[in-house]
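Chain and residue survey
Each chain is listed here by its residues.
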Amino acid sequence: MSGKTVLVTGSTGGIGKETARGLARLGADVILVGRNADRAEAAAAELRRDTGNPGVEALIADVTRQDDLRRLAERVRARDGGLHVLINNAGVAKERRELTADGVEAAFAANVLAPFVLTHLLLPELRRAGRGRVVNIAGGVPRGRIDLDNLQGEKSYVGLASYNQTKLALMAMSYAFAERLEEPEVTINVAYPGHAYTSMNQNLTTSAYPAVARPLVPLLKLLMPVLYGGAAVGRASTSSIRLASDPGLADVHGVYFTSKARRAPWPASVRDRRTRDAIWALCRELGRIED
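What you are looking at is a predicted structure, and each value in this text was computed from that prediction instead of being measured.

Rules used throughout
Residues numbered from 1 in each chain as written. Predicted model: local features only at pLDDT ≥ 70, side-chain atom pairs only at ≥ 80, totals over all residues. Heavy atoms only, no water. Helix = DSSP H or I, 4+ residues; strand = E, 2+ residues; numbered from the N terminus. Buried < 20%, exposed > 50% of the residue type's maximum accessible area, 1.4 Å probe, protein only. Contact = heavy atoms within 4.5 Å. Areas by Shrake-Rupley, 256 points an atom, 1.4 Å probe, with all protein chains shown as cover. Pairing = 2+ DSSP bridges. Axes fitted to C-alpha atoms, helices over the stretch in contact; angles between N-to-C directions. Right-handed = clockwise from strand over helix to strand, strands pointing away. Salt bridge = Lys/Arg side-chain N within 4 Å of Asp/Glu carboxyl O. Core = buried A, V, L, I, M, F, W, Y, C linked by side-chain atoms within 4.5 Å.

**Focus: the overall build of the chain**
Counting its regular elements, the chain contains eleven helices and eight strands. Evaluated residue by residue, the chain yields a buried proportion of 55% over its 291 residues. Residue pairs in contact within the chain that sit at least 24 positions apart in sequence constitute 77% of those at least 6 positions apart. Taken as a whole, the chain presents about 12,800 Å² of accessible surface, with 49% of it coming from carbon and sulfur.

As structure tokens, then:
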């Protein structure tokens, strides 16, 4: 990856930071993106020390805010070195429904709308790089129904269930985006990381879980650090690192990869064209993007 620049959102901790670490070890210049300046600078300094790669820097943006996304894109465009890979990793899970400053439900804003908007804004940079790549990170349980009448929790909202639906919606949006880039100069794929015990799920309380699972939450809190902490967080970056760096995947486009970096069928709800078209139209409206 020497000579290539990668931007990873949500990369000051968890899976995003391990993805950035892996790519920095491969020689890439890596741009970390986080909301907190101190945490972002500390993460960049850690990765520079750990990998011996001086080309790790941090930019600050809250991906739930569209003004921040546009400022982030402007800063990337102003840099030397271009942009070869965009990894939309940042994710949000909320215990209760919250609206952003733009009036969008927070999890939908971070998990679906931000990758849609940022990819559109940075497509010219990725095209100029030649065979640019976009990797969108799925999550939750990648199956089930996408409720088009409840995409932003308008009817009901349960933290992890709503998070899961936004990640399915991300997959549908990514599929639709890939369809619209015929014979692409930029590839778009989705990577499923698997389970990892990160700050996002560590901070969730019992009320974020579906009612049927709540009696088990104390046990889950004991088991999760053992089963999905430590090295599991690093393993969860496997698929995104491979999609970003493997020369053999340079022409792979519109594909869903498992946590073991293997191709897999898209979930049934994602294959439904009506669902994809509805989510695409909503993202265009909310993100103020024209095709």
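There is more to say, and it comes next.
**Structural notes on the sheet that holds strand E2 (residues 29-34)**
One open sheet accounts for eight strands, arranged E3-E2-E1-E4-E5-E6-E7-E8; its pairing is mixed. Two strands close off the open sheet at either side, each with one partner strand: strand E3 (56-60) and strand E8 (263-264). Where strand E6 (residues 186-191) lies against strand E7 (residues 256-257), two bridges are found, and the strand directions are parallel. Bridge pairing in E7 links Val 190 to Tyr 256. Its contacts with the sheet put helix H3 (residues 66-78) on strand E1 (5-9), E2 and E3, and the angle it makes with E3 is roughly 145°.

**A look at the pairing of E3**
With five bridges joining them, E2 and E3 adopt parallel strand pairing. Bridge assignment links Leu 32 to a residue of E3, and that residue is Ala 58. Traced from E2 through helix H2 (residues 37-51) to E3, the parallel crossover comes out right-handed.

**Remarks on the environment of Gly 287**
Residue position: Gly 287 is located in helix H11 (residues 273-287). Classification of Gly 287 as buried rests on a relative accessible area of 0%. Counting along the chain gives 171 residues from Gly 287 to Phe 116, while the straight-line C-alpha distance between them is 7.8 Å. The contact partners of Gly 287, leaving out residues within four places of it in the chain, are Gln 66, Arg 70, Leu 113 and Val 117.

**What about the pattern of salt bridges?**
Per the stated rule, a full pass over the model turns up 17 salt bridges. Ionic pairing is found between Arg 21 and Glu 18, a salt bridge with its closest N-O pair at 3.1 Å. Separated by three residues within a single helix, Arg 21 and Glu 18 lie in helix H1 (residues 14-25), roughly one turn from each other. For the salt bridge of Arg 21 with Glu 46, the shortest nitrogen-to-oxygen distance reads 2.8 Å. With Arg 21 in helix H1 and Glu 46 in helix H2, this residue pair connects regions lying 25 residues apart in the sequence. Classification of Arg 21 by relative accessible area gives buried; the value is 9%. What emerges from the salt-bridge pattern is a single network uniting Lys 17, Glu 18, Arg 21, Arg 25, Glu 46 and Asp 50.

**Let's talk about the nonpolar core**
Counting 55 residues, the largest nonpolar core has Leu 7, Phe 108, Met 173 and Ile 279 as the members making the most contacts within it. Here this core gets 13 residues from one element, more than from any other, and that element is helix H4 (residues 106-129). In contact with Phe 108, not counting residues within four places along its chain, are Leu 113, Leu 151, Gln 152, Thr 166, Leu 282, Cys 283 and Leu 286.

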